[in-house]
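Secondary and tertiary structure notes
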Amino acid sequence: MSAFVLPFLCGLGAAVISAWGVGGGTLLLLVMTLFLGVDQRTAQGINLLFFLPTALSALLCHRKNGCLDTPTLRAAVPIAVPAALLGAWIATAVDVEILQRPFGIYLLLSGISLLLPQKSAKKSGG
């Protein structure tokens, strides 16, 4: 029973953080690989599965609130789906050791970019 408590709490915490828009899936990935001993490739697969229901709920909420940019969505989906499938195929063909370092560097740079001052968007007068 205790073997399921920590993973459950991690998943629950990641879900709450995802609902806040912070990126709970990335945190879940780090917890799985660093603390739970899950293989990198398996953790990424779980992370992608974790993303599906959160993305669907966000899509439905945005649609309900009228915040969905339909023309952009129609333009992006035909390109994004094949690109995601290609990326998944490449990820399964590449050694896990090769994936770990670039992903770690990406996370590090993403974190650093959040600490840097952001340029504010200027509103157009009109």
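Up top is the structure these notes are about.
A brief structural summary. What you see is a predicted model, and the numbers here were worked out from it, not measured in a lab. (Residues numbered from 1 in each chain as written. Predicted model: local features only at pLDDT ≥ 70, side-chain atom pairs only at ≥ 80, totals over all residues. Heavy atoms only, no water.)

1. Some thoughts on the overall build of the protein
- Check the secondary structure of the protein and you find 5 helices and 0 strands.
- Ordered by position from the N terminus, the helices and strands of the protein form the series α-α-α-α-α.
- Scored against the burial criterion, the 126 residues of the protein give a buried share of 12%.
- For the protein, restricting intrachain contacts to residue pairs at least 6 apart in sequence, the fraction spanning at least 24 positions comes to 47%. (Helix = DSSP H or I, 4+ residues; strand = E, 2+ residues; numbered from the N terminus. Buried < 20%, exposed > 50% of the residue type's maximum accessible area, 1.4 Å probe, protein only. Contact = heavy atoms within 4.5 Å.)

2. A closer look at the nonpolar core
- Listed in full, the 7 residues of the largest apolar core are Cys10, Ala14, Leu28, Leu29, Met32, Ala43 and Phe50.
- At the level of secondary structure, the elements contributing two or more residues to this core comprise α1 (2–19), α2 (24–34) and α3 (40–64).
- The element best represented in this core is α2, accounting for 3 residues.
- With sequence-adjacent residues up to four places away left out, Cys10 is seen in contact with Leu28 and Val31. (Core = buried A, V, L, I, M, F, W, Y, C linked by side-chain atoms within 4.5 Å.)

3. With respect to helix α5 (residues 96–115)
- The end-to-end C-alpha separation of α5 is 29 Å, in line with the 28 Å expected for 20 residues at 1.5 Å each.
- Looking at α5, one finds that the buried residues are Val96, Leu99 and Leu107. Seen along its axis, α5 keeps its buried residues to an arc of 60°; they face one direction. For α5, exposure combined with an orientation more than 90 degrees from the buried face picks out Glu97, Ile98, Arg101, Leu108, Leu109 and Leu115.
- Where α5 is buried, its residues contact α2, α3 and α4 (70–93). (Expected span 1.5 Å × (residues − 1). Arc of directions from axis to C-beta.)

4. Quick notes on the layout of surface pockets
- Taken as a whole, the largest pocket encloses approximately 1000 Å³ of empty space.
- Counting residues per element, the ones that place at least two in the lining of the largest pocket are α2, α3, α4 and α5.
- The element contributing the most residues to the lining of the largest pocket is α3, with 15 residues.
- Of the residues assigned to the lining of the largest pocket, the class counts are 19 nonpolar, 13 polar and 1 charged. (1 Å grid on protein atoms, 1.4 Å probe; cavity = no way out; pocket = protein on both sides within 12 Å on 5 of 7 lines; lining within 4 Å. Points joined across faces, edges and corners; volume = space filled by probe spheres on them. Nonpolar A, V, L, I, M, F, W, Y, C, P; charged D, E, K, R; others polar.)

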